Amino acid sequence: MASTAHSQYTDTARVVLKRGREGPVRGGNPWIFSQAIERIEPVTVEAGALVTVHDAAGALLGMGYYNPATTIAIRMIAWGETPAIEELVARRLKSALELRLRFIGGDTNSYRLINGDGDGLSGVVADRFGDVIVVQILTAGADRMRATIVAALNELLHPRAIIERSHGAVRKQEGLDDHIAVLAGETVTETIAAEHGIKVKIDFEHGQKTGYFLDQRDNRALAGAIASGARVLDAFCYQGGSALAALAGGASKVVAVDTSARALEIARQNLELNGHPASAVEFVHGEAGKLMAGTANRFDLIVLDPPPLARSRGDAERAGRLYVELNTVAMRALAPGGRLMTFSCSTHFRADDFVRAVRFAASNAGRTLRLIAHLGPGRDHPVLLGHAEGEYLTGLLLADL
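Just so it is clear, the structure is predicted and the values come from calculations on it, not from any experiment. (Residues numbered from 1 in each chain as written. Predicted model: local features only at pLDDT ≥ 70, side-chain atom pairs only at ≥ 80, totals over all residues. Heavy atoms only, no water.)

Trainee: Now, about the sheet that holds strand E20 (residues 394-400): what can you tell me, with residues and values included?
Mentor: Read across the sheet, seven strands follow the order E16-E15-E14-E17-E18-E20-E19 without closing on themselves; strand pairing throughout is mixed. Sheet topology places strand E16 (282-285) and strand E19 (369-375) at the edges, where each strand pairs with a single neighbour. Adjacent strand axes in the sheet meet at a mean angle of 15 degrees, parallel and antiparallel pairs treated alike. Where strand E14 (residues 231-235) and strand E15 (residues 253-258) come together, five bridges link them in parallel fashion. Bridging across to E15, Leu233 finds its partner in Val255. Against the sheet, helix H12 (residues 351-365) engages strand E18 (334-344), E19 and E20, with an angle of about 25 degrees to E20. (Pairing = 2+ DSSP bridges. Helix = DSSP H or I, 4+ residues; strand = E, 2+ residues; numbered from the N terminus. Axes fitted to C-alpha atoms, helices over the stretch in contact; angles between N-to-C directions. Contact = heavy atoms within 4.5 Å.)

Structure representation (structure tokens):
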């Protein structure tokens, strides 16, 4: 498989940037936009092909892959070198695993193994659920690396299965169809993962993304740590991760709401997996915003984690209004002295804009809240220091005064 992958990278093209446009690349930003390119040699390069990148004087900046059809024309995967792709992928995977093993505890076997640009493999996501690895290959360049990635994962971890679940808007923009397949090992449709000692069923056939939202793992643990004796609302609960954490933390009452009946069914199964009675959580099939706006109940802890409200830059203004509305009704449902964990996972909605929306919401709700902590994804979701665009999940832990 490796030799086949290697044959795709012969006759590497050369890209020269316009004068003065090399700064972000030298600073570690992996994205090069088409406007920054002076010329390409040869002129015609296939989507996903590897290219070497040079400044206007001809000095080597590194190596990336090119797509002439996208605004992000080049995605860098190496700086100051042009290694063989097999050697680079193996090195990146080894480094990513070593980093995770330094802080992932023994009561957790589910984490993000490869976080795209943050681990030097743009367009590649890999989540590990025990002995099963789920990959998302999102770009034309990453698509060419598929065989090399699978070979390196097998060599490093010897998993029971490697499953691909590559779909969504990014692949369409890259000119790629969805691709869902078992790439290696057994055909596995589900597994039981462990997160801070809590058992979670992972549905590889119907679950969103890779099957579970691992970026919220540490925030779920935080919710559990502050849930003792609390009346808890897990809004947009998906498969009940925060509800489970709250129960483990000693919550007195838990309500969980989501629009997906399938997700709620798995949440009920997760209750049973962890030895909780069916009555331990009140599950509500419906819209979280309507529930919060219409309930007479007050909650000591609300976890508000909606899906992306801005899927493009053009959605940002509308998303701002929706974040204000959602947070306003959440704050009105908050008990005196209560805590609110509120999040935005909208890539196209800036973190400071989200903070501003939450401040407007507090004013609308007539609440005086203290900012206890800024929240984000766990340490298994690294972002390159020079790549602010890689930051997408932002959250706030607020407490009523």
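Trainee: Just give me the short version of the nonpolar core, but keep the residues and values in it.
Mentor: Of all hydrophobic cores here, the largest spans 42 residues; its most connected members are Phe129, Phe204, Val232, Val254, Val281 and Met341. For this core, the elements supplying multiple residues, two or more each, are strand E9 (132-137), strand E10 (161-166), strand E13 (198-203), helix H8 (241-248), E15, helix H9 (261-273), strand E17 (299-304) and E18. Tallying contributions element by element places H8 first for this core, with five residues. What Val254 contacts, discounting residues up to four positions off in sequence, is Val232, Ala243, Ala246, Leu247, Ala280, Val281 and Glu282. If you look at the next biggest cluster of nonpolar residues, it comprises 33 residues, including Val255, Leu291, Ile302 and Ala310. (Core = buried A, V, L, I, M, F, W, Y, C linked by side-chain atoms within 4.5 Å. Buried < 20%, exposed > 50% of the residue type's maximum accessible area, 1.4 Å probe, protein only.)

Trainee: Which residues make up the environment of Ser344, and what values go with them?
Mentor: Mapped onto the elements of the fold, Ser344 is located in strand E18. Ser344 sits 36 residues away from Pro308 along the chain, and the two C-alpha atoms are 6.9 Å apart. Those residues within four positions of Ser344 in sequence are excluded, and the remaining contacts are Tyr323, Phe349, Phe354, Tyr392, Leu393 and Thr394. Within the structure, the side chain of Ser344 is placed 2.9 Å from the side chain of Tyr323, a separation counted as a polar contact. (Polar contact = N/O pair within 3.5 Å; in protein donor to acceptor, adjacent residues only side chain to side chain.)

Trainee: Which residues make up the packing of helix H11 (residues 316-332) against H12, and what are the values?
Mentor: Contact geometry for H11 and H12: axes closest at 8 Å, N-to-C directions at 45 degrees. Considering their axes alone, H11 and H12 lie oblique with respect to each other. As H11 runs across H12, the sense of the crossing is right-handed. Only Phe354, Ala357, Val358, Phe360, Ala361, Ala362, Asn364 and Ala365 of H12 make contact with H11, whose side of the interface consists of Gly320, Tyr323, Val324, Asn327, Thr328, Met331 and Arg332. Of the residues assigned to the contact of H11 with H12, the class counts are 10 nonpolar, four polar and one charged. (Parallel < 35°, antiparallel > 145°, perpendicular 65-115°, else oblique. Left-handed = near helix turned anticlockwise from the far one by under 90°. Nonpolar A, V, L, I, M, F, W, Y, C, P; charged D, E, K, R; others polar.)

Trainee: Could you give an account of the packing of aromatic side chains, with specific residues and numbers?
Mentor: Under the defined criterion, the tally for this structure stands at five aromatic pairs. In textbook terms, an aromatic cluster arises when at least three aromatic residues are bridged by ring pairs, as seen for Tyr212, Phe213 and Tyr238. (Phe/Tyr/Trp six-rings, centres within 6.5 Å; stacked < 30°, edge-to-face > 60°.)

Trainee: Let's hear about helix H5 (residues 146-157): which residues, and what values?
Mentor: Given 3.6 residues per turn, any residue in an α-helix points the same way as the ones three and four places further on. With 12 residues, H5 should reach 16 Å at 1.5 Å per residue; the first-to-last C-alpha distance of 16 Å fits that figure. When we look at burial in H5, the residues that qualify are Arg146, Thr148, Ile149, Val150, Ala152, Leu153 and Leu157. Immediately beyond the C-terminal end of H5, within one or two residues, lies His158, with a positive phi of roughly 50 degrees. (Expected span 1.5 Å × (residues − 1).)

Trainee: Describe the pairing of E9, listing the residues and the values that go with them.
Mentor: By the criterion of burial, E9 is predominantly enclosed, with six of the six residues buried. When strand E8 (residues 124-129) meets E9, the two strands line up antiparallel, connected through six bridges. Within the sheet, the bridge partner assigned to Val124 lies in E9 and is Ile137. Taken together, E8 and the strand that follows it, E9, pair antiparallel across an intervening segment of two residues, in which Gly130 is found at a positive phi of about 65 degrees. Note that E9 and E10 share four bridges and pair parallel. Bridging across to E10, Val132 finds its partner in Ala161.

Trainee: So, the pairing of strand E5 (residues 60-66): which residues are in play, and what are the values?
Mentor: In terms of residue burial, E5 counts as a mostly covered element, since six of its seven residues are buried. Counting the residues that bridge the hairpin from strand E4 (residues 49-54) to E5 gives five residues, and of these Gly58 lies at a positive phi of roughly 100 degrees. Here five bridges tie E5 to strand E6 (residues 72-79), and the two strands are oriented antiparallel to one another. Bridge pairing in E6 links Met63 to Ala78. Connecting E5 to the next strand, E6, in antiparallel fashion are five residues.

Trainee: Talk me through the side chain of Arg217; I want residue IDs and the actual numbers.
Mentor: Position of Arg217 among the secondary structure elements: in helix H7 (residues 217-225). Given the relative accessible area of 2%, Arg217 is considered buried. With residues near it in sequence (within four places) discarded, Arg217 still touches Ile104, Thr108, Ser110, Tyr111, Glu195, His196 and Asp380.

Trainee: Now, about the pattern of salt bridges: what can you tell me, with residues and values included?
Mentor: For the structure shown, the criterion picks out 24 salt bridges. Across the pair Arg75 and Glu174 runs a salt bridge whose closest N-O atoms are separated by 3.8 Å. In this pair, Arg75 is assigned in strand E6 and Glu174 in the loop between helix H6 (169-173) and strand E11 (179-185), connecting sequence segments 99 residues apart. As far as burial versus exposure is concerned, Arg75 and Glu174 are alike and both buried. It is possible to trace a salt-bridge network through shared partners that takes in Asp143, Arg146, Glu164 and Arg171. (Salt bridge = Lys/Arg side-chain N within 4 Å of Asp/Glu carboxyl O.)

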